[in-house]
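What the coordinates show
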Amino acid sequence: MSRAMTDSYASRYLREVAKLAAQIDGGELETMADTLVDLRNRGGRLFIIGVGGGAGHASHAVNDFRKLCGIDAISPLDNVSELTARINDDGWESCLVGSLITSRMGANDALLVFSVGGGAPETGLSLNIVAAVEHAKKLGAPVLGVVGRRQGTTAKLGDCVIVLDGGPDDLLTPLVEGFQAVIWHGLVSHPRLSMKSGTWESVLAKER
């Protein structure tokens, strides 16, 4: 592949990143922050789920919400023994909701979903996310999400969902998964949520 072709792709990709960033409604981020402040104030837990890249995001975000915001965050995906046992014995579709049931998730808690599609029964994609979202809604627990499609279960049923569908179809996954990290970092650094600075922010503050 020629250098000109790769330069052309890189320029296009970065243009789309900038365009999508400009399309995100800051008010939605503020609403999500307010929901999480209320969750912390009432002593609720934040269950974070995703599959593929979203699973990695869930683990990272659990750390940030616990360490920086003092929110009791949990991801069913972090216990690989339990997760794979549930998949093996009970099936993929119920592996996340089974863990939520054992953790006694209730209306006092909340669910945060990182997913490109948000779960889609009609296509058979991310059915474990579909089951987890439906379970949370039955309990009356708020459902938050950062997804890439309005047609998915998370966007349809969620209470506060940021939908990142403003980019081209061929860049849907990289843009959505990239911005999921941008958004949760915007939450954990939000003045109303953050209880302490990150390590490097503290180091730089001392150097000034």
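Residues numbered from 1 in each chain as written. Predicted model: local features only at pLDDT ≥ 70, side-chain atom pairs only at ≥ 80, totals over all residues. Heavy atoms only, no water.

**Some details on the side chain of Ser 115**
Short version of the rule: Numbering of helices and strands runs from the N terminus; a helix is a DSSP stretch of H or I covering at least four residues, while a strand is a stretch of E covering at least two. Two N or O atoms form a polar contact when they lie within 3.5 Å of each other; inside protein one atom must be a possible hydrogen donor and the other a possible acceptor, and for residues adjacent in sequence the pair counts only when both atoms belong to side chains.
Of note, Ser 115 is situated in the loop between strand E3 (110–114) and helix H6 (127–139). Only 2.8 Å separates the side chain of Ser 115 from the backbone nitrogen of Gly 118, close enough to count as a polar contact.

**Regarding the pattern of salt bridges**
How we decide: Basic side-chain nitrogens of Lys or Arg form a salt bridge, by our definition, when they fall within 4 Å of a carboxyl oxygen of Asp or Glu. Only protein chains enter the accessibility calculation, which uses a 1.4 Å probe; a residue whose area is less than 20% of its type maximum is buried, one above 50% is exposed, and one in between is partly exposed.
Under the defined criterion, the tally for this structure stands at eight salt bridges. Asp 34 is paired through a salt bridge with Arg 192; the nearest N and O atoms lie 2.2 Å apart. Here Asp 34 is found in helix H2 (residues 26–41), whereas its partner Arg 192 is found in the loop between helix H8 (172–188) and helix H9 (199–207), with 158 residues between them in sequence. Owing to a relative accessible area of 31%, Asp 34 belongs among the partly exposed residues under this scheme. Among the salt bridges present, the one from Arg 66 reaches Asp 72, with a minimum N-O distance of 2.8 Å. Under the relative-accessibility criterion, Arg 66 is labelled partly exposed at 45%.

**Quick notes on the packing of aromatic side chains**
We apply this condition: When the centres of two rings from Phe, Tyr and Trp lie within 6.5 Å, Trp using its six-membered ring, the rings pair. Their planes under 30 degrees apart give stacked, over 60 give edge-to-face, and anything left gives tilted.
Counted under the stated rule, the structure contains two aromatic pairs. Between Tyr 9 and Tyr 13, the aromatic rings sit 6.1 Å apart at their centres with planes inclined by 20 degrees, giving stacked as the arrangement. Pair noted here: Tyr 9 and Tyr 13 are both in helix H1 (residues 3–23), with a separation of four residues, about one helical turn. With a relative accessible area of 44%, Tyr 9 lands in the partly exposed category. Owing to a relative accessible area of 24%, Tyr 13 belongs among the partly exposed residues under this scheme. Judged by centre distance (5.5 Å) and plane angle (45 degrees), the rings of Phe 114 and Trp 184 are tilted. Of this pair, Phe 114 sits in strand E3 while Trp 184 sits in helix H8; the two residues are 70 residues apart in sequence, bridging distant segments of the chain. Here Phe 114 matches Trp 184 in class, with each residue buried.

**Structural notes on the side chain of Asp 109**
Of note, Asp 109 is situated in the loop between helix H5 (95–102) and E3. At 2.8 Å, the side chain of Asp 109 forms a polar contact with the backbone nitrogen of Arg 45. Within the local environment of Asp 109, its side chain forms a polar contact with the backbone nitrogen of Gly 106, the two atoms lying 2.9 Å apart.

**Some thoughts on the environment of Leu 29**
We apply this condition: It only takes one pair of heavy atoms within 4.5 Å for two residues to be counted as in contact.
Here Leu 29 shows up in helix H2. Along the primary structure Leu 29 and Leu 193 are separated by 164 residues, whereas in three dimensions their C-alpha atoms are 12 Å apart. With residues up to four places along the chain from it excluded, the contact list for Leu 29 reads Ile 162, Ile 183 and Leu 187.

**Description of the pairing of strand E4 (residues 143–147)**
Note the following rule: Pairing between two strands requires that DSSP report at least two bridges joining them. Look down the strands so they point away from you; if going from the first strand over the helix to the second traces a clockwise path, that crossover is right-handed.
Burial of E4 is extensive: five of the five residues sit out of reach of the surface. The side-chain alternation of E4 yields two buried faces, one formed by Val 143, Gly 145 and Val 147 and the other by Leu 144 and Val 146. Pairing analysis gives four bridges linking E3 to E4, with the strands arranged parallel. Its bridge partner being in E4, Leu 112 is matched across the sheet by Leu 144. After leaving E3, the chain enters H6 and then returns to the sheet as E4, a path that is right-handed.

**Some points on the sheet that holds strand E5 (residues 160–163)**
Selection rule: The convention used is that axes are lines fitted to C-alpha atoms, helices contributing only their stretch in contact, and that angles between N-to-C directions extend from 0 to 180 degrees.
The strand order across the open sheet formed by five strands is E2-E1-E3-E4-E5, and the pairing between neighbours is parallel. Of all strands in the sheet, those bounded by a partner on one side alone are strand E2 (72–74) and E5. Going across the sheet, the axis of each strand differs from the next one's by a mean of 15 degrees, ignoring polarity. Strands in contact with helix H3 (residues 53–69) are strand E1 (45–50), E2 and E3; relative to E1, the strand with the most contacts, it is inclined by about 160 degrees.

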